[in-house]
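# Structure assessment
Chain by chain, the residues:
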Amino acid sequence: MKNIAVLISGHGTNLQSIIDHIKAGKLKCNLAVVISNKEDAYGLVRAKKAKIPAYFIDHKDISREEHEKKIIEILKKYKVDLVVLAGYMRILTPHFIREYKNRIINIHPALLPSFPGTDGYGDTWKYGCKVGGCTIHFVDEGIDTGPIILQKINPLRENDTLESFKKRGLKLEHQAFPEAIKLFCEGRLKIEGRKVRVSK
Ligand code: GRF
């Protein structure tokens, strides 16, 4: 069984969905460790409730490299095969990305390559798009540029507010992440250039 680590910075609803899918037997992997760069991230509470080892690694007052070194030590300790970025609001250095090459995945709340950056829902909304959604992708050295594993589409409705659009989007995220992790853990993803081939 593959060991996975989930990195978070906040509320951790995606983390919760991963926990729930594992508990329900729908996702077969070992959620070995949760790491947050924010002490008050509610995701840490979720991890503790689920009895998953959880670490707060502060990024303040140390270099990016030092911070990542501490994280990588933990990942090694738990023999992590896959690093899942679930609302982790820090950019990884090329060193980290090379260390876990093709073994880091991220969720982005927009249909990439549209609207990279920190406010995928807001940017989709402000642009006046008729569809939004989310993207799960491998992490490469660019910002939200890595090969795409899967996308979920969230059409905008006439009576939507940004809030209602986001709420539906988050529900889709909660399906998308376990789906992508499952594909990875089953060894069904193969990166060929920009394309991710998904085998049956
Ligand atoms: C999600 O919208 C994710 O796409 C974005 O940050 C949010 C995290 O939500 N990167 P949560 O912490 O999983 O609730």
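Whatever comes next refers back to the structure up there.
Bear in mind that the values here come from a model prediction, so they are computed numbers and not experimental data.

The rules behind the values
Residues numbered from 1 in each chain as written. Predicted model: local features only at pLDDT ≥ 70, side-chain atom pairs only at ≥ 80, totals over all residues. Heavy atoms only, no water. Helix = DSSP H or I, 4+ residues; strand = E, 2+ residues; numbered from the N terminus. Buried < 20%, exposed > 50% of the residue type's maximum accessible area, 1.4 Å probe, protein only. Pairing = 2+ DSSP bridges. Axes fitted to C-alpha atoms, helices over the stretch in contact; angles between N-to-C directions. Contact = heavy atoms within 4.5 Å.

### Description of unusual backbone geometry
The step from Leu112 to Pro113 runs through a cis peptide bond, and the omega angle for that step is 10°. Among the secondary structure elements, Pro113 is positioned in the loop between strand E5 (104–108) and helix H5 (120–127). Residue Asn102 is not a glycine yet carries a positive backbone phi of 60°. Looking at where Asn102 falls in the secondary structure, it is placed in the loop between helix H4 (94–99) and E5. With relative accessibility at 38%, the residue Asn102 sits in the partly exposed group.

### Details of the sheet that holds strand E2 (residues 30–36)
Pairing is mixed in the open sheet, where 7 strands are placed in the order E3-E2-E1-E4-E5-E6-E7. With one partner strand each, in any of the chains shown, strand E3 (54–56) and strand E7 (148–155) form the two edges of the open sheet. Going across the sheet, the axis of each strand differs from the next one's by a mean of 20°, ignoring polarity. Strand contacts of helix H2 (residues 42–49): strand E1 (3–8), E2 and E3, with the helix running at about 155° to E3, the strand carrying the most contacts. Set on the sheet, helix H3 (residues 64–77) makes contact with E1, E2, E3 and strand E4 (82–85); between it and E2 the angle comes to about 165°.

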